Amino acid sequence: MGAPPSVSVVIPAKDGRPTIGPCLDAVLAQDYGGPLEVLVVDSGSRDGTLDDVRARPAVRLQRIHPLAFDHGDTRNLGAGLTTGEAIVFLVQDAEPVG
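This write-up is about the structure you can find in this document. Bear in mind that the values here come from a model prediction, so they are computed numbers and not experimental data.

### Examining unusual backbone geometry
Trans is the prevailing form of peptide bonds, just as negative phi is the prevailing case for residues other than glycine.
For step 1, the next point in the chain: With a phi angle near 45 degrees, D15 is a residue other than glycine that sits in the positive phi range.
For step 2, the next point in the chain: Position of D15 among the secondary structure elements: in the loop between β1 (7-13) and α1 (17-28).
For step 3, the next point in the chain: Assessed through its relative accessible area of 36%, D15 is described here as partly exposed.

### Topic: the nonpolar core
Among soluble globular proteins, nonpolar side chains are generally buried collectively.
For step 1, the next point in the chain: Counting 14 residues, the largest nonpolar core has V9, I11, L24, V38 and V40 as its most contacted members.
For step 2, the next point in the chain: Within the residue set of this core, elements represented by two or more residues are β1, α1 and β2 (36-42).
For step 3, the next point in the chain: In this view, V38 contacts V9, I11, L24, V27, L28, A58, V59 and R60; residues no more than four positions away in its chain are not counted.

### Considering the sheet that holds β2
For step 1, the next point in the chain: If you trace the four strands from one edge of the open sheet to the other, you get β3-β2-β1-β4, paired in parallel fashion. If you trace the sheet from one side to the other, it starts and ends with β3 (59-63) and β4 (86-89), each paired once. Shown here is a sheet whose adjacent strand axes are inclined to one another by a mean of 25 degrees, direction ignored.

Analysis parameters
Residues numbered from 1 in each chain as written. Predicted model: local features only at pLDDT ≥ 70, side-chain atom pairs only at ≥ 80, totals over all residues. Heavy atoms only, no water. Helix = DSSP H or I, 4+ residues; strand = E, 2+ residues; numbered from the N terminus. Buried < 20%, exposed > 50% of the residue type's maximum accessible area, 1.4 Å probe, protein only. Core = buried A, V, L, I, M, F, W, Y, C linked by side-chain atoms within 4.5 Å. Contact = heavy atoms within 4.5 Å. Pairing = 2+ DSSP bridges. Axes fitted to C-alpha atoms, helices over the stretch in contact; angles between N-to-C directions.

This is the structure:
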């Protein structure tokens, strides 16, 4: 059996301060044996979300203009900026377990 595939997690965000920290902590705490990359695509947060993302050095941040946000296009942008063999799309208020 080979090594697990590399996984990229893409999380669009905007003004998610109450939830983005727990979301990122839960993603980073996953017990996964393969390479993991986490990217937050922020569309104009003004509430401290950026500080919460930057406080986690393992998480990459891509900022876009708020008018550039589109549910599909923003996720496609995130997918194009990552390198994982598999891509997981989350939302800023999800807290994965297990």
